[in-house]
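Coordinate analysis (summary)
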Amino acid sequence: MRKFLLGVVVALICFLGYQYVKDQFQEKEDLQQASNLIEQEIKNVSKLVVSEGSYAKVYNYENTESFVFKFLSARKKALVVVNAKANVSYDLREMKYEVDAENKLLKITQIPEPELNINPDIKYYDVTQDYLNQFEAKDYNKIKSRIQSDLEKQIKNSVLMKNAENRLISELQKLFVLTNSMGWTLQYNQQNLNSSEEFQDLKL
């Protein structure tokens, strides 16, 4: 009888030990699968174009050259019409993050800066030039450079950049939904994000 009870105890200990090891292995496997799923979701986003806009501007270009001790001058001028398309994107392949599987925590440590791309279509009208002061390739390059710089300054101060930031936050909320549904916590800038509303106060 004693041997039988001892055998039952040993069998029970072995069974409980097996169950414990099995559960531990299963938990680690589940965490690994969850980590892989989260990382794959981040990679799938890749380059995110979040906002686009169109702009039209008219410029008057004029240049005057002086000769013979400023007694003579030669002028060239043109009416420049610009139609430009601009978009703002984030290359999320450069986003830095850490996956803490043990604590079920996804830490976003750095979000890349927005990339502003401007594609201007430049047309010249009413071009006039004197014989001693004619348009050259360097003039067209200078005009294009000035237009590009002016558009960039204007767009950076426009609502387009704010819209882009709002769209990015909206995309990051999808990561929150994913992590939250799996029982994980999403953290950005050492702040735990526990609800969709908290994204509105994010400082990117």
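Figured I'd write up the structure that's included with this text. Every value quoted in this text rests on a predicted model; they were computed, and no experiment measured them. (Residues numbered from 1 in each chain as written. Predicted model: local features only at pLDDT ≥ 70, side-chain atom pairs only at ≥ 80, totals over all residues. Heavy atoms only, no water.)

1. A few points about the environment of glutamine 173
Considering the arrangement of structural elements, one finds glutamine 173 in helix 3 (residues 159-181). Exposure remark for glutamine 173: the relative accessible area of 18% places this residue in the buried category. When the C-alpha positions of glutamine 173 and glutamate 197 are compared, they lie 9.6 Å apart, and in sequence the two are 24 residues distant. (Helix = DSSP H or I, 4+ residues; strand = E, 2+ residues; numbered from the N terminus. Buried < 20%, exposed > 50% of the residue type's maximum accessible area, 1.4 Å probe, protein only.)

2. Brief notes about the nonpolar core
The nonpolar side chains of a soluble globular protein tend to be buried with one another. Core analysis: the biggest nonpolar cluster contains 35 residues, and Val80, Val82, Ile108, Ile147, Leu151, Leu186 and Phe199 have the highest contact counts within it. Listed by contribution, the elements that provide at least two residues to this core are strand 1 (47-67), strand 2 (72-91), strand 4 (105-110), strand 5 (115-129), helix 2 (137-156), helix 3 and strand 6 (185-188). Broken down by element, the residue count for this core peaks at eight residues, all from helix 3. Dropping the residues within four chain positions of it, valine 82 is found in contact with Tyr55, Ala56, Lys57, Tyr59, Pro120, Asp121, Ile122, Ile147 and Leu151. (Core = buried A, V, L, I, M, F, W, Y, C linked by side-chain atoms within 4.5 Å. Contact = heavy atoms within 4.5 Å.)

3. Observations regarding helix 3
Compared with an ideal rise of 1.5 Å per residue, which puts 23 residues at 33 Å, helix 3 spans 33 Å between its outermost C-alpha atoms and is within 8% of the ideal. Among all positions of helix 3, only Leu160, Met161, Ala164, Leu168, Ile169, Glu171, Leu172, Gln173, Leu175, Phe176, Leu178 and Thr179 are buried. Residue glycine 183 follows helix 3 closely and has a positive phi angle near 80°. (Expected span 1.5 Å × (residues − 1).)

4. Describing the pattern of salt bridges
In the structure shown here, the tally under the stated rule is six salt bridges. With a shortest N-O distance of 3.2 Å, lysine 156 and glutamate 152 are connected by a salt bridge. Here lysine 156 and its partner glutamate 152 are both found in helix 2, four residues apart, which amounts to about one turn of the helix. Judged by its relative accessible area of 48%, lysine 156 is partly exposed. (Salt bridge = Lys/Arg side-chain N within 4 Å of Asp/Glu carboxyl O.)

5. Remarks on the sheet that holds strand 6
Here we have four strands laid out as an open sheet, ordered 3-4-6-7, and mixed in their pairing. On the outer flanks of this sheet lie strand 3 (96-100) and strand 7 (191-193), each paired with one strand and no other. Taking the axes of each pair of neighbouring strands and ignoring which way they run, one obtains an average angle of 25° across the sheet. Of the strand pairs in this sheet, strand 6 and strand 7 are connected by three bridges, and their pairing is antiparallel. Its bridge partner lying in strand 7, leucine 186 is registered against leucine 193. The sheet strands contacting helix 3 are strand 4, strand 6 and strand 7, and the helix crosses strand 6 at an angle near 145°. (Pairing = 2+ DSSP bridges. Axes fitted to C-alpha atoms, helices over the stretch in contact; angles between N-to-C directions.)

6. Topic: unusual backbone geometry
A positive phi angle, close to 50°, is found at lysine 104, a residue other than glycine. Along the chain, lysine 104 turns up in the loop between strand 3 and strand 4. Of note, the phi angle at glutamine 190 is positive, near 65°, even though the residue is not glycine. Looking at the element boundaries, glutamine 190 is found in the loop between strand 6 and strand 7. Judged by relative accessible area, which is 76%, glutamine 190 ranks as exposed.

7. Topic: the side chain of lysine 76
Residue placement: lysine 76 occurs in strand 2. Its relative accessible area of 4% is what places lysine 76 among the buried residues. Side chain to side chain, lysine 76 and aspartate 139 meet in a polar contact 2.7 Å long. Excluding anything up to four places from it in sequence, lysine 76 contacts Tyr61, Glu62, Asn63, Thr128, Gln129, Asn133, Gln134, Phe135 and Asp139. (Polar contact = N/O pair within 3.5 Å; in protein donor to acceptor, adjacent residues only side chain to side chain.)

8. A short note on the packing of aromatic side chains
Taken as a whole, this structure holds three aromatic pairs when the rule is applied. Here the aromatic rings of tyrosine 61 and phenylalanine 135 are separated by 5.9 Å at their centres, their planes lie at 45°, and the arrangement is tilted. Within this pair, whereas tyrosine 61 is found in strand 1, its partner phenylalanine 135 is found in the loop between strand 5 and helix 2, the two being separated by 74 residues in sequence. When sorted by exposure, tyrosine 61 lands in the same class as phenylalanine 135, which is buried. Between tyrosine 124 and tyrosine 140, the ring centres sit 5.0 Å apart and the planes meet at 80°, which makes this aromatic pair edge-to-face. Of this pair, tyrosine 124 sits in strand 5 while tyrosine 140 is found in helix 2, placing the two residues 16 residues apart along the sequence. (Phe/Tyr/Trp six-rings, centres within 6.5 Å; stacked < 30°, edge-to-face > 60°.)

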